Amino acid sequence: DEARLSSELLRMDGASYGRYKSLKGDWDFGDFTLTVQRVQSDPFAPPSRVRVLVPDTGIPKSAWGDPVRRRATADYLGRRARRLLRGSLLKIDTGGQEVIERSSCQLTDGGIDLRIGIDLPGHGRRIDGRTAERELCRTLPDLVDDLDWEEIDTEEAVAFADTVADTVALRAQLAERNLVAFVAEGAVLPRRSGVSDEPMTRGAVPFSPPESLRVSVDLPHRGTVSGMGVPEGITLIVGGGFHGKSTLLHALERGVYDHVPGDGRELVVTRDDAVKIRAEEGRRVERVDVSPFVRNLPTGADTSDFRTENASGSTSQAANICEAVEAGSHTLLVDEDSTATNLMIRDERMQALVHGDREPLVPFIDLVRPLYREHGVSTVLVMGGSGDYFDVADQVVMLDAYHPHDVTDQARALAHERVDADFTLPRARVVDPASVDDTTARGRGRIKRRDTDVLVFGESDIDVRAIEQFADPGQITGAGLALRELVGGRHMDGARTLAEALDSLDEALGRRGVTLLGSDFGGDYVLPRRYEVAAVLNRLRALRVADLR
Ligand code: ADP
Ligand code: MG
């Protein structure tokens, strides 16, 4: 078919652009099959999509036999493909600093399955058949040749997978050591700039663990590594402004993912259920039990069944915490920079002025200990502006010019007695699956990402800007597809609670991988975590909760 495609494209040269549609279907190149899946209708429309299935590229089983190495090797090959395609019209989606399973490059047993976008070339509305022929009949076969295991730097590929395997092994040891996070000695946490996720190159101060929190861990490839273990419970990070508090917390937020070699955070890991909590004024809340935080509202509303189209800073943060716990998180990450102060603390003078029944809010400081003691939910909190949390912290780490010190004893000497409030687990919600519908008014499914701000889901625009642990734009699309799968895959059937539905989804994803979400989806997407899937669902304005238990 290769010769046939070549002459077909040359023959099309100068024909009207719509003729490209006739390319749809399979083309057998011998070593691989090219499938033209979707053809753009004009040169300015989103790129056309092709699939390249290579049954055998000689990848040894050691590189794909185990799911972690399979993900890492696929990621490595995808990045190589992107480099090889630089300067061509073919575009492959690859990751940034994180290594996350994605649709664009998947390993089959010994082979490779690529999803590539191509801007089919035109001179105005006429087909540029020569250029198309060069891209599809020369660049593409060259790419397939260059991805052969014989052709690649296998040492580098193996080292890449070793790094990811070590990160996974490190994270897997956190729970048995009663840690929520680990930051290796020598790790580089700061990034190049606010818009670049690459490591800071000049002037970065490598991480140095305080001796009292030092922990050593054995890893399969790197051997023994040493670093700061963050114990379960309540950890407070303090320090002067600009001393690196948010940078450390941000590294912990991303520590739920694995990083590429050279990132500086390869050995910075957090429990995989960690959720960043923040205030998010204006978000919608659909029947969430926020009663631990909000008691008697001036409106008289029942706060165990709380709904609003426009949450305040404090109620949005309360909902975010309750929803994270509902979705199964046992690790909360909080930064004073993005919280509602009135939900975090209330000092004595304010209590004296506004007391008892006039204040509906129970501050987090009164709930953070019962959350841990009664429900096993740990918190890592950055707070430089108030010493109140000394009263409740199990450990206090002070950052001083980017160097952490254990100041737990000094902080304890300054602590006061404090009476906790009660934290009862939020009521479980049962979602009405009919309210989670991605069909448009014209009856077609629509899941689309607009930048990193909005997920278009059917007729709804979901604002995702406050979902900070999306580490890759493709995860936004992936979360949209996961919502479709929650309904279409019947994970919510039988009036399952949201948590049960997410368990069922996770189980299916574990079995089938990222392809579960969209084998016929005409775009790139990346595996989301259940916490971000829940977060997107919770921000869907059409969401209806059918039942509370
Ligand atoms: P804080 O939250 O304590 O105010 P940030 O974490 O925002 O401080 O850090 C302030 C600045 O210091 C940022 O520009 C950040 O990139 C830089 N920074 C953070 N950690 C380090 C480090 N280990 N080495 C060098 N620069 C750092
Ligand atoms: Mg800060």
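Please read these numbers as outputs of a predicted model, since none were measured by experiment.

**Re the overall build of the protein**
Part 1 of the reasoning: Within the protein, the regular secondary structure consists of 14 helices and 27 strands.
Part 2 of the reasoning: For the protein, the C-alpha atoms occupy an extent of roughly 85 × 55 × 40 Å along the three principal directions.
Part 3 of the reasoning: Sorting the 549 residues of the protein into buried and exposed places 56% on the buried side.
Part 4 of the reasoning: Surface accessibility of the protein: about 23400 Å² in total, with carbon and sulfur atoms responsible for 47%.
Part 5 of the reasoning: Across the protein, the 70 positively charged side chains and the 91 negatively charged ones have centroids separated by 5 Å.

**Quick look at the site of ligand 1**
Part 1 of the reasoning: If you check the shell around ligand 1, you find 14 residues, and the closest are V205, F242, K245, S246 and T247.
Part 2 of the reasoning: Interatomic distance of 2.7 Å between a backbone N/O atom of F242 and an oxygen atom of ligand 1.
Part 3 of the reasoning: A distance of 3.0 Å is found between an oxygen atom of ligand 1 and a side-chain nitrogen or oxygen belonging to Y402.
Part 4 of the reasoning: Protein coverage of the free-state accessible area of ligand 1, which is 570 Å², stands at 78%.
Part 5 of the reasoning: A breakdown of the residues in the shell around ligand 1 according to their chemical character gives 6 nonpolar, 7 polar and 1 charged.

**Brief notes about the domain arrangement of the protein**
Part 1 of the reasoning: The assigned domain composition of the protein is domain 1 (2-152), domain 2 (274-413) and domain 3 (429-548).
Part 2 of the reasoning: Distance from the C-alpha centre of domain 2 to the C-alpha centre of domain 3: 27 Å.
Part 3 of the reasoning: Taken together, the 21 residues of domain 2 in the interface contact 21 residues of domain 3.
Part 4 of the reasoning: When the buried surface of domain 2 facing domain 3 is broken down by residue, R284, R287 and E326 rank first, second and third, together holding 33% of it.
Part 5 of the reasoning: Taken together, the connections running from domain 2 to domain 3 amount to 5 salt bridges.
Part 6 of the reasoning: Counting the contacts that link domain 2 with domain 3 gives 18 residue pairs in polar contact (both at pLDDT 80 or more).
Part 7 of the reasoning: Listed by contribution, the elements that provide at least two residues to the side of domain 2 that touches domain 3 are strand 16 (274-277), strand 17 (285-288) and helix 7 (313-326).
Part 8 of the reasoning: Class assignment for the residues of the side of domain 2 that touches domain 3 results in 4 nonpolar, 6 polar and 11 charged.

**Quick word on the coordination of the magnesium ion (ligand 2)**
Put simply, a metal with four donors set out as a tetrahedron has ideal angles of 109.5 degrees, and one with six donors set out as an octahedron has ideal angles of 90 or 180 degrees.
Part 1 of the reasoning: Protein ligation of the magnesium ion (ligand 2) involves S246 (OG) and D337 (OD), the donor distances falling in the range 2.1 to 2.3 Å. Here D337 lies in the loop between strand 19 (331-335) and helix 8 (341-344) and S246 lies in helix 6 (residues 245-254), a separation of 91 residues in the sequence.
Part 2 of the reasoning: S246 gets classed as partly exposed once you look at its relative accessible area, which sits at 27%.

**Overview of the sheet that holds strand 24 (residues 447-450)**
Part 1 of the reasoning: Reading across the sheet, the 3 strands line up as 24-25-26 and stay open at both edges, with antiparallel pairing between neighbours. Each having just a single partner strand, strand 24 and strand 26 (460-463) make up the two edges of the open sheet. Averaged over all adjacent pairs, the angle separating strand axes in this sheet is 25°, with direction ignored.
Part 2 of the reasoning: Bridge analysis of strand 24 against strand 25 (residues 454-457) gives 4 bridges, and the strand direction is antiparallel. When the bridges of strand 25 are listed, K448 appears paired with V456.
Part 3 of the reasoning: Where helix 12 (residues 473-488) meets the sheet, its contacts fall on strand 24 and strand 25, and the angle it forms with strand 24 comes to roughly 155°.

**A word on the nonpolar core**
Part 1 of the reasoning: Ranked by internal contacts, the top residues of the largest apolar core, which has 80 residues, are F293, F364, Y389, V436 and V536.
Part 2 of the reasoning: Both domains that furnish three or more residues to this core are identified here as domain 2 (274-413) and domain 3 (429-548).
Part 3 of the reasoning: Those residues within four positions of F364 in sequence are excluded, and the remaining contacts are F293, I321, L332, V334, L343, M344, L371, T379 and Y389.
Part 4 of the reasoning: If you look at the next biggest cluster of nonpolar residues, it comprises 51 residues, including V39, L90, C105 and L140.

**Focus on the sheet that holds strand 15 (residues 268-270)**
Whether parallel or antiparallel, the strands of a sheet pair through hydrogen bonds between backbone atoms.
Part 1 of the reasoning: An order of 12-13-9-15 is seen for the 4 strands of this open sheet, with the pairing classed as antiparallel. Of all the strands in the sheet, the pair left with one neighbour each is strand 12 (214-219) and strand 15. For this sheet, the mean inter-axis angle between neighbouring strands, taken without regard to orientation, is 35°.
Part 2 of the reasoning: In terms of strand pairing, strand 9 (residues 179-184) meets strand 15 through 3 bridges, oriented antiparallel. By the bridge assignment for strand 15, V183 is matched with V268.

**Here's the deal with a negative patch on the surface**
Part 1 of the reasoning: Negative charge collects at one region of the surface, where E2, D31, D142, D145, E150 and E151 lie side by side.
Part 2 of the reasoning: Along the chain, the position of D142 falls in helix 4 (residues 129-146).

**Examining the environment of D26**
Part 1 of the reasoning: Topologically, D26 is positioned in strand 1 (residues 25-28).
Part 2 of the reasoning: Taking the relative accessible area as the measure of exposure, D26 reaches 53% and is therefore exposed.
Part 3 of the reasoning: As a C-alpha pair, D26 and V50 span 24 residues in sequence and 9.7 Å in three-dimensional space.
Part 4 of the reasoning: Excluding residues within four positions of it along the chain, D26 makes contact with D1, T33, L34 and T35.
Part 5 of the reasoning: Here the side chain of D26 touches T35 through a polar contact of 2.9 Å, side chain to side chain.

**Details of the pattern of salt bridges**
Part 1 of the reasoning: The tally for this structure, following the rule as stated, stands at 48 salt bridges.
Part 2 of the reasoning: For K276, the salt bridge identified is with E253, shortest N-O distance 3.0 Å. Here K276 is found in strand 16, whereas its partner E253 is found in helix 6, with 23 residues between them in sequence. Comparing K276 with E253 shows no difference in burial state: the two are buried.

**Quick look at the packing of helix 1 (residues 2-12) against helix 4**
Axes are the key here: two packed helices are described by the angle between their axes and the distance separating the axes.
Part 1 of the reasoning: It is at 7 Å that the axes of helix 1 and helix 4 come closest, and there the two elements cross at 160°. It follows that helix 1 is roughly antiparallel to helix 4 by the angle criterion. Remark: the crossing between helix 1 and helix 4 carries right-handed chirality. Residues E2, L5, S6, L9 and L10 of helix 1 form the contact with helix 4, whose own contacting residues are G129, R130, A132, E133, L136, C137 and P141.

**Overview of the side chain of R115**
Part 1 of the reasoning: As for its position among the elements, R115 is in strand 6 (residues 112-118).
Part 2 of the reasoning: Here D113 takes part through its side chain, which lies 3.1 Å from a polar atom of the side chain of R115.
Part 3 of the reasoning: Those residues in contact with R115 that sit more than four places away from it in its chain are Q37, R49, V50, R51, I92, S103, S104, S519 and D524.

The rules behind each value
- Residues numbered from 1 in each chain as written.
- Chains lettered and ligands numbered in written order.
- Predicted model: local features only at pLDDT ≥ 70, side-chain atom pairs only at ≥ 80, totals over all residues.
- Heavy atoms only, no water.
- Helix = DSSP H or I, 4+ residues; strand = E, 2+ residues; numbered from the N terminus.
- Buried < 20%, exposed > 50% of the residue type's maximum accessible area, 1.4 Å probe, protein only.
- Areas by Shrake-Rupley, 256 points an atom, 1.4 Å probe, with all protein chains shown as cover.
- Lys, Arg positive; Asp, Glu negative; His and termini not counted.
- Charge placed at Lys NZ, Arg CZ, Asp CG, Glu CD.
- Near = heavy atom within 4 Å.
- Polar contact = N/O pair within 3.5 Å; in protein donor to acceptor, adjacent residues only side chain to side chain.
- Nonpolar A, V, L, I, M, F, W, Y, C, P; charged D, E, K, R; others polar.
- Domains from an automatic or database assignment.
- Contact = heavy atoms within 4.5 Å.
- Buried area = accessible area lost by both parts, 1.4 Å probe.
- Salt bridge = Lys/Arg side-chain N within 4 Å of Asp/Glu carboxyl O.
- Donors = N, O, S within 2.8 Å, 3.2 Å for Na, K, Ca; no water.
- Pairing = 2+ DSSP bridges.
- Axes fitted to C-alpha atoms, helices over the stretch in contact; angles between N-to-C directions.
- Core = buried A, V, L, I, M, F, W, Y, C linked by side-chain atoms within 4.5 Å.
- Patch = residues over 30% accessible without salt bridge, like charges linked within 9 Å, V, L, I, M, F, W, Y side chains within 5 Å.
- Parallel < 35°, antiparallel > 145°, perpendicular 65-115°, else oblique.
- Left-handed = near helix turned anticlockwise from the far one by under 90°.

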